[in-house]
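What follows is the residue order along each chain.
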Amino acid sequence: IAYPIKLAPGTQDAITAKVVNKILGGGATGRLFQNLREDKAFTYGAYSRINADEYVGDFDAFCEARNAVTDSAITQFLFEMKRIRKGPVTTKELAAAKNFLTGQFGRSLERPQTLASYALNMEMYNYPKDYYKNYLKNLNAVTVKDVQKFAKKYIKPNNSNVIVVGNASEIADRLKQFSISGMINYYDKNAEKYDPSAKKIPTGVTAMSVLNK
């Protein structure tokens, strides 16, 4: 489930995005994982990402599920996206997310590669000179209200592209419920659009048999 968002790197919203994503689908403690794996057993893991970018950021949430539960999995993804918009997260969820991200940031400073990438970010995206110095302070300033405000702005269950890879004949009919128009677009492995109802070439037809006729 994916769509583009306008989320600039180096902003407070980009920091809040990390907190929101950690709660929603940023690992085994995330709501998506707990719902789709631990509760429903639809998949081995369900996750989300919220990416800031200078030009076009994006949100995406994903899992690998059996054909038989594909529609049920999508239903739960959309449910969790709506839930984080509707009501405030718990203080326990917020504290756990911020503690994890604080530790992650601290560990990242041990790697010279990370320090180099931070310096590059500051040059490329024109971050404030004190961005990383104040990162933890700004991370820990994120509140329950900030999380819900961000979710209402950027989490868009009703404006999402639902992308499914699988056996169309087994799952397509059950996916129409997620389309406003009731229509589904089909693409082959080369991302070329095609019509599954188009007449297929009969078995045994070759270039030579066509030439002979």
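Treat the numbers as computed from the prediction; the structure is a model and nothing was measured. (Residues numbered from 1 in each chain as written. Predicted model: local features only at pLDDT ≥ 70, side-chain atom pairs only at ≥ 80, totals over all residues. Heavy atoms only, no water.)

Visitor: I'd love a proper account of the side chain of Gln76, names of residues and values included.
Guide: With respect to the element layout, Gln76 can be found in helix α3 (residues 70–86). Every residue in contact with Gln76, bar those within four places of it in the chain, is listed here: Asn35, Leu36, Lys40 and Phe42. (Helix = DSSP H or I, 4+ residues; strand = E, 2+ residues; numbered from the N terminus. Contact = heavy atoms within 4.5 Å.)

Visitor: Give a detailed account of the pattern of salt bridges, specifying residues and quantitative values.
Guide: Counted according to the given criterion, the structure contains 9 salt bridges. In this structure, Arg83 engages Glu80 in a salt bridge whose closest nitrogen and oxygen atoms are separated by 2.9 Å. Here Glu80 and Arg83 lie together in helix α3, a separation of 3 residues that amounts to about one turn. On the basis of relative accessible area, Arg83 is assigned to the partly exposed category, the value being 35%. (Salt bridge = Lys/Arg side-chain N within 4 Å of Asp/Glu carboxyl O. Buried < 20%, exposed > 50% of the residue type's maximum accessible area, 1.4 Å probe, protein only.)

Visitor: Tell me about helix α4 (residues 91–108), and name the residues and values.
Guide: Taking 1.5 Å per residue, 18 residues should reach 26 Å; α4 reaches 26 Å between its end C-alpha atoms and fits that length. Listing the buried residues of α4 in full gives Leu94, Ala97, Lys98, Leu101, Phe105 and Ser108. Around the axis of α4, the buried residues are gathered within 95 degrees of arc, so they sit on the same side. Along α4, the residues that are exposed and aim more than 90 degrees away from the buried face are Lys92 and Asn99. Buried residues along α4 sit in contact with α1 (12–25), α5 (112–124), α6 (135–140) and α7 (144–154). (Expected span 1.5 Å × (residues − 1). Arc of directions from axis to C-beta.)

Visitor: I'd like to hear about the sheet that holds strand β3 (residues 57–65), residue by residue, with values.
Guide: What the 3 strands build is an open sheet, ordered β1-β3-β2; its pairing is antiparallel. Each having just a single partner strand, β1 (2–5) and β2 (43–51) make up the two edges of the open sheet. Adjacent strand axes in the sheet meet at a mean angle of 10 degrees when their direction is disregarded. (Pairing = 2+ DSSP bridges. Axes fitted to C-alpha atoms, helices over the stretch in contact; angles between N-to-C directions.)

Visitor: I'd like to hear about the pairing of β3, residue by residue, with values.
Guide: Each regular strand shows side chains that alternate between the opposite faces of the sheet. Of the pairings in the sheet, the one linking β1 to β3 comprises 4 bridges and is antiparallel in character. When the sheet's bridge partners are listed, Tyr3 is paired in β3 with Phe59. Note that β2 and β3 share 7 bridges and pair antiparallel. Residue pairing across strands places Arg49 opposite Asp60, the latter belonging to β3.

Visitor: Go over the nonpolar core, please, and point to the residues and values.
Guide: Formed by 45 residues in total, the largest nonpolar core has its most connected members in Val19, Ile50, Phe59, Ile84 and Ile155. If we skip the residues at most four places from it in the chain, Phe59 touches Ile1, Ala2, Tyr3, Ile5, Leu24, Ser48, Arg49, Ile50, Met81 and Ile155. (Core = buried A, V, L, I, M, F, W, Y, C linked by side-chain atoms within 4.5 Å.)

Visitor: Would you mind going over the layout of surface pockets in detail, with residue names and values included?
Guide: A volume near 910 Å³ is recorded for the largest pocket. Around the largest pocket, the lining is made up of 27 residues, and of these Val162, Ile163, Val164, Ile184 and Asn185 lie nearest the centre. Within the residue set of the lining of the largest pocket, elements represented by two or more residues are α3, α8 (168–175) and β4 (186–187). The biggest single contributor to the lining of the largest pocket is α8, with 4 residues. Roughly 640 Å³ of volume is contained in the second largest pocket. Residue lining of the second largest pocket: 26 residues in total, with Ala14, Lys18, Ile50, Gln104 and Tyr135 positioned closest to the centre. Taken together, the elements giving at least two residues each to the lining of the second largest pocket come down to α1, β2, α4 and α5. (1 Å grid on protein atoms, 1.4 Å probe; cavity = no way out; pocket = protein on both sides within 12 Å on 5 of 7 lines; lining within 4 Å. Points joined across faces, edges and corners; volume = space filled by probe spheres on them.)

Visitor: Please set out α3 residue by residue, giving values where relevant.
Guide: When the terminal C-alpha atoms of α3 are compared, their 24 Å separation across 17 residues agrees well with the 24 Å that a helix rising 1.5 Å per residue should span. Residues Thr70, Asp71, Ala73, Ile74, Gln76, Phe77, Leu78, Glu80, Met81 and Ile84 constitute the buried set of α3.

Geometric descriptors of this kind do not, in isolation, establish any biological role.
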